[in-house]
Amino acid sequence: EKGTYPHYMLKEIDEQPLVMRKIIQAYQNDAGELSIDEGVLNAVNAADRIYIVACGTSYHAGLVGKEFLEKTAKIPTEVHVASEFVYNTPLLSDKPLFIFISQSGETADSRAVLVRVKELGHPTLTLTNVAGSTLSREASHTLLLHAGPEIAVASTKAYTAQIAVLSILAEVAGKAKGFEMSFDLIQELGIVATAMEALTDDKEAFEQIARDFLSVTRNAFFIGRSMDYHVVQEAALKLKEISYIQAEGFAGGELKHGTIALIEDGTPVFAVTTQENVNLSIRGNVKEVAARGAHTCTISMKGMEEEGDSYVIPYVHELLSPLVSVVPTQLIAYYAALHRDCDVDKPRNLAKSVTVE
Ligand code: F6R
C-alpha cells in the first residue's frame, strides 16, 4: 500500500534508510558481527574469479559490487550484462563463481545465463528480493535483499539494498580470508542510513533542481569518475525510463573523446563527485562542458564541496558513497517525471519484471 504517498516510487525512495537498517540486522549474528551463510561464504572464497551477471539497475549495482569484492575481499570480479553474456560468453577462469543480481528473481535474460552455467557445472549465487523466485530456486545459493516489495517499475530501494548486501558479502569474505578491515561496516552502514534520511527529508531542494535543469530539455548528461561513474550510469537510466529525457551516464574523462560535441548552450550536465582522488579531475570536466555552454549541476560530498555546487550530500565512507549519492538522482528523476506529467510508477513500454529474452 502506498498510503499517503502519491507514488510507490517516492515511498520506496523514502524507505531506503529503513532498508539499510533491516539489512544490517538480517546479516548480523548473535555476537553482533556481520555474518553470511557458511555455504555462501565457502563458495565465494573457493572462487578464483567472480562473474556478476545482471540487467539494468541490477547490473549497475553489480558495478559497485565489483569494487567491494576486489578491494575488500581481493577476488578478481567481472560484471556482465546478461543478454550479452548468453551469446558472447567470456573466457572463464578455472574456478568461477557466478553471482546473479535480480530484484525480481524472474528476469529471463539472467535466467538464460544461469541455466547455461549450471550445465557447465559452475556454482551459482542469486541476490534477490524475492524468496522462492525462479533465480533463487535454481541457483546453488541465495542471499536476500530484505528491501520489502518493490512496486514502482523504476527500481530504487532494490539498487541500494543490492549494494549494501554486496558490501557485507565482501566484508565477511575478506575477514574469513584474514584480511584486516580498515573500517567498521556496521557503523558505516548506520551512517549511510542517517545520511539517506537527511536527503529524503530535503525533497524541495531536488524538486527545485529538477525544475531548474530538466523542465524543458530533451537530453541530459551525468558525469562522474570511479565510483561516481557507476552511480551516474544508474542516474541516467532512472531519468530516461520515467521522464523520457534522453540521458547518458559518462565517465568524466571520456566525454572529450567525441561526445562533448553534443554539448550546446543550456545542455544539462550533472556531475557527481564523492571520491577524493578524482575530485579535481571531474571538476576540470565540469569546467570543460561549462565553457561550451552546459548548464552544470554539481552534487558533491561534504569535505569535497566547492562554492557554487548545487548540492552537498553528507559525508559517508568513500567506498559506500553510491548508496547515498544515488538518492538525489532518484529524487531528481522523480520530480522531472512529475513536472513533465509522466506516469511515474508505470512508465511506457516497461514492465516490472522482464520475463522475455
Ligand atoms: C530499472 C529497472 C530495470 C531492472 C532490470 C532487472 O529501474 O527496474 O532496469 O533493474 O530489468 O530486473 P531484476 O533486478 O528484477 O532482474
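Values in this document were obtained by computation on a predicted structure and should not be read as measured data. (Residues numbered from 1 in each chain as written. Predicted model: local features only at pLDDT ≥ 70, side-chain atom pairs only at ≥ 80, totals over all residues. Heavy atoms only, no water.)

Undergrad: When you look at the packing of aromatic side chains in this model, what are you seeing that I'm missing?
TA: Aromatic ring pairs: the centre-centre distance and the angle between the two ring planes describe each pair. Summed over all chains, the structure comprises seven aromatic pairs. On the basis of an interplanar angle of 20° and a centroid distance of 6.4 Å, the ring pair of Phe98 and Phe100 is categorised as stacked. Connected via pairs of aromatic rings, a cluster forms that spans Tyr51, Phe85, Phe98 and Phe100. Against the face of Phe179 rests Lys74, its NZ or CZ located 5.2 Å from the ring centre. Sitting over the face of the ring of Tyr244, Arg348 holds its NZ or CZ atom 3.7 Å from the ring centroid. (Phe/Tyr/Trp six-rings, centres within 6.5 Å; stacked < 30°, edge-to-face > 60°. Lys NZ or Arg CZ within 6 Å of the ring centre and 35° of its normal.)

Undergrad: Could you clarify how one ought to interpret the packing of helix H8 (residues 157–176) against helix H9 (residues 185–200) in this entry?
TA: Geometry of a packed helix pair, given as the angle between the helix axes and the separation of the axes. Where H8 meets H9, the closest approach of the two axes is 11 Å, and the angle between their N-to-C directions is 165°. When the axis of H8 is compared with that of H9, the two are roughly antiparallel. The crossing of H8 and H9 is right-handed. For the pair formed by H8 and H9, the contact residues are Thr160, Ala164, Ser167, Ile168 and Glu171 on the first element and Leu185, Leu189 and Met196 on the second. Looking at the contact of H8 with H9 residue by residue, the classes come out as five nonpolar, two polar and one charged. (Axes fitted to C-alpha atoms, helices over the stretch in contact; angles between N-to-C directions. Helix = DSSP H or I, 4+ residues; strand = E, 2+ residues; numbered from the N terminus. Parallel < 35°, antiparallel > 145°, perpendicular 65-115°, else oblique. Left-handed = near helix turned anticlockwise from the far one by under 90°. Contact = heavy atoms within 4.5 Å. Nonpolar A, V, L, I, M, F, W, Y, C, P; charged D, E, K, R; others polar.)

Undergrad: Mind showing me how you'd approach the pattern of salt bridges here?
TA: It is possible for side chains bearing opposite charge to pair when their charged atoms get close. Considering all chains together, one arrives at 17 salt bridges under this definition. The residue Glu197 makes a salt bridge to Arg21 at a minimum N-O spacing of 2.9 Å. Remark: Arg21 occurs in helix H2 (residues 16–26) and Glu197 occurs in helix H9; sequence separation between them is 176 residues. Given the relative accessible area of 30%, Glu197 is considered partly exposed. (Salt bridge = Lys/Arg side-chain N within 4 Å of Asp/Glu carboxyl O. Buried < 20%, exposed > 50% of the residue type's maximum accessible area, 1.4 Å probe, protein only.)

Undergrad: Could you clarify how one ought to interpret the sheet that holds strand E2 (residues 77–81) in this entry?
TA: In a beta sheet, neighbouring strands are held together by backbone hydrogen bonds and run either parallel or antiparallel to one another. Pairing is parallel in the open sheet, where five strands are placed in the order E2-E1-E3-E4-E5. The open sheet is flanked by E2 and strand E5 (141–144), the only strands paired with a single partner. Across the sheet, the mean angle separating the axes of adjacent strands is 20° when strand polarity is ignored. Note: strand E1 (residues 49–54) against E2, five bridges, orientation parallel. Residue pairing across strands places Ile52 opposite Val79, the latter belonging to E2. Against the sheet, helix H3 (residues 38–46) contacts E1, strand E3 (96–102), strand E4 (124–128) and E5, and its axis sits at roughly 110° relative to E5. (Pairing = 2+ DSSP bridges.)

Undergrad: So what exactly am I meant to see when it comes to the site of the ligand here?
TA: Neighbouring the ligand are 13 residues; Ser58, Ser102, Ser104, Thr107 and Glu241 lie closest to it. Between the ligand and Ser155 there is a distance of 2.9 Å, counted from an oxygen atom to a backbone nitrogen or oxygen. Relative to its unbound accessible area of 410 Å², the ligand is 90% covered by the protein chains. Breaking the shell around the ligand down by element, the ones donating at least two residues are helix H4 (56–71) and helix H11 (227–243). (Near = heavy atom within 4 Å. Polar contact = N/O pair within 3.5 Å; in protein donor to acceptor, adjacent residues only side chain to side chain. Areas by Shrake-Rupley, 256 points an atom, 1.4 Å probe, with all protein chains shown as cover.)

Undergrad: Could you clarify how one ought to interpret H3 in this entry?
TA: Two residues of an α-helix separated by three or four positions point the same way, owing to the 3.6 residues in each turn. Buried within H3 we find Val40, Leu41, Ala43 and Val44. When H3 is viewed along its axis, its buried side chains cluster within an angular range of 165° and face the same direction. (Arc of directions from axis to C-beta.)

Undergrad: Could you clarify how one ought to interpret the side chain of Glu67 in this entry?
TA: Examined against the element boundaries, Glu67 turns out to sit in helix H4. Since its relative accessible area comes to 13%, Glu67 is described here as buried. Among the polar contacts listed, one links the side chain of Glu67 to the side chain of Lys71, at a separation of 2.5 Å. Apart from residues no more than four positions distant in its own chain, Glu67 is found in contact with Thr72, Met227 and His230.

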